[in-house]
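Here's the letter readout for the chains.
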Amino acid sequence: QKEVEQDPGPLSVPEGAIVSLNCTYSNSAFQYFMWYRQYSRKGPELLMYTYSSGNKEDGRFTAQVDKSSKYISLFIRDSQPSDSATYLCAMSPGLSGGSNYKLTFGKGTLLTVNP
Amino acid sequence: DAGVIQSPRHEVTEMGQEVTLRCKPISGHDYLFWYRQTMMRGLELLIYFNNNVPIDDSGMPEDRFSAKMPNASFSTLKIQPSEPRDSAVYFCASSLVLLRETQYFGPGTRLLVL
């Protein structure tokens, strides 16, 4: 079993739809959870960052972490064509340095929002 | 600030040749990361530096890969000799603080080894 699993899609939705992106993981030591957005032929950029379980909201974006199920989600409300990108989840055990720091990424989900 | 700068943006080379990728991190950032992205394996951390010192190189695939950071504003990732399976997009990223702060990624170098 891979440490982080993410459905690669592609996912195509109409403008205004609610989008749900998900990752599952197997390493119970993961404490930090992130979502990165990567536009075509660009580097990833951090979108959302959460620690441990719970929800975090930022504008149209909501990140959820359920550590009991080892499942994280990113919701996009009122999706826009400009949201079309690949979304990568990433996670890490902690800040103690060395290999504990290392971010493990999902392979990404390609999202297209059609006008 | 111009962000993380990588060069070249594209590199096409033949198997067996030496390849050198370059990165200039954001001024003042203490951490520098080298990643590789492929369709099969996704985004993988190869090595990271703190204050120019390599901290964790456990992601470096084999001895053909080496990375240096001679000063706070420059790092290189070298592949010698290159092989077709090294074809990927290589990203450099920098951050001010480990993990908590955003990692800022460069635009990447697309490497194709024939």
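Relevant structure appears above.
Rules behind the numbers
- Residues numbered from 1 in each chain as written.
- Chains lettered and ligands numbered in written order.
- Predicted model: local features only at pLDDT ≥ 70, side-chain atom pairs only at ≥ 80, totals over all residues.
- Heavy atoms only, no water.
- Phe/Tyr/Trp six-rings, centres within 6.5 Å; stacked < 30°, edge-to-face > 60°.
- Helix = DSSP H or I, 4+ residues; strand = E, 2+ residues; numbered from the N terminus.
- Pairing = 2+ DSSP bridges.
- Axes fitted to C-alpha atoms, helices over the stretch in contact; angles between N-to-C directions.
- Contact = heavy atoms within 4.5 Å.
- Buried area = accessible area lost by both parts, 1.4 Å probe.
- Salt bridge = Lys/Arg side-chain N within 4 Å of Asp/Glu carboxyl O.
- Polar contact = N/O pair within 3.5 Å; in protein donor to acceptor, adjacent residues only side chain to side chain.
- Buried < 20%, exposed > 50% of the residue type's maximum accessible area, 1.4 Å probe, protein only.
- Disulfide = S-S within 2.5 Å.

A. Expanded view of the packing of aromatic side chains. On inspection of all chains with the given rule, the structure shows 13 aromatic pairs over all chains. Each ring, one from Tyr36 of chain A and one from Phe105 of chain B, has its centre 5.8 Å from the other, and the planes form 80°; the classification is edge-to-face. Of this pair, Tyr36 of chain A sits in strand S4 (residues 32–38) while Phe105 of chain B sits in strand S10 (residues 104–105), placing the two residues on different chains. Connected via pairs of aromatic rings, a cluster forms that spans Tyr36 and Phe105 of chain A together with Tyr31, Phe33, Tyr35, Tyr48, Phe91 and Phe105 of chain B.

B. Summary view of the sheet that holds strand S1 (residues 5–7) of chain B. Residue and element names in this part refer to chain B. Ordered in space as S1-S3-S8-S7, the four strands form an open sheet in which the pairing is antiparallel. The open sheet has two free edges, formed respectively by S1 and strand S7 (65–71), since each of these has just one partner strand. Put simply, the sheet's adjacent strands are angled 15° from each other on average, direction ignored. Direction of pairing for S7 relative to strand S8 (residues 74–79): antiparallel, over a ladder of five bridges. Across the sheet, the residue bridging to Ser66 is Lys78, located in S8.

C. Spotlight on the interface of chain B and chain A. Listed per partner, the contact involves 26 residues of chain B and 22 residues of chain A. Together chain B and chain A conceal approximately 1900 Å² of surface at their shared face, both sides included; 59% is due to carbon and sulfur atoms. For the interface between chain B and chain A, the tally reads zero salt bridges. Seen at the junction of chain B and chain A, the total is two residue pairs in polar contact (both at pLDDT 80 or more).

D. A look at the environment of Tyr48 of chain B. Residues and elements named next belong to chain B. Within the secondary structure, Tyr48 sits in strand S5 (residues 42–50). A relative accessible area of 1% means that Tyr48 is categorised as buried. Along the backbone, Tyr48 and Ile26 are 22 residues apart, and their C-alpha atoms lie at a distance of 15 Å.

E. Seen up close, the state of the cysteines. Residue and element names in this part refer to chain A. On inspection of all chains with the given rule, the structure shows two disulfides over all chains. The disulfide bridge from Cys23 ends at Cys89, spanning 2.0 Å between sulfur atoms. Here the S-S torsion is close to -100°, and the disulfide linking Cys23 with Cys89 is therefore left-handed. Here Cys23 is found in strand S3 (residues 19–25), whereas its partner Cys89 is found in strand S9 (residues 85–92), with 66 residues between them in sequence. One exposure class covers both Cys23 and Cys89, and it is buried.

F. A look at the pattern of salt bridges. All names here are of chain B. Across all of its chains, the model carries 11 salt bridges over all chains by this definition. The salt bridge partner of Glu62 is Arg85, with a shortest N-O separation of 3.3 Å. One end of the pair, Glu62, is in the loop between strand S6 (53–56) and S7; the other, Arg85, is in the loop between S8 and strand S9 (88–95), and 23 residues separate them in sequence. Overall, Arg85 belongs to the exposed group, its relative accessible area being 55%. Residues joined in a network through salt bridges with shared partners are Glu62, Arg64, Glu83, Arg85 and Asp86.

G. Up close: the pairing of S9 of chain A. All names here are of chain A. The element S9 is largely enclosed, with a buried count of eight among its eight residues. What you see with S9 is no split at all: Ala85, Tyr87, Cys89 and Met91 on one side and Thr86, Leu88, Ala90 and Ser92 on the other are buried throughout. By the bridge criterion, seven bridges tie S4 to S9 in an arrangement that is antiparallel. Note that in S9 the partner of Phe33 across the bridge is Met91. The sheet contact formed by S9 and strand S11 (residues 109–114) spans three bridges and is antiparallel. Each bridged residue has a counterpart across the sheet, and for Thr86 the counterpart in S11 is Leu110. In terms of strand pairing, S9 meets strand S10 (residues 104–105) through two bridges, oriented antiparallel. Following the sheet pairing, Ala90 is matched in S10 by Phe105.

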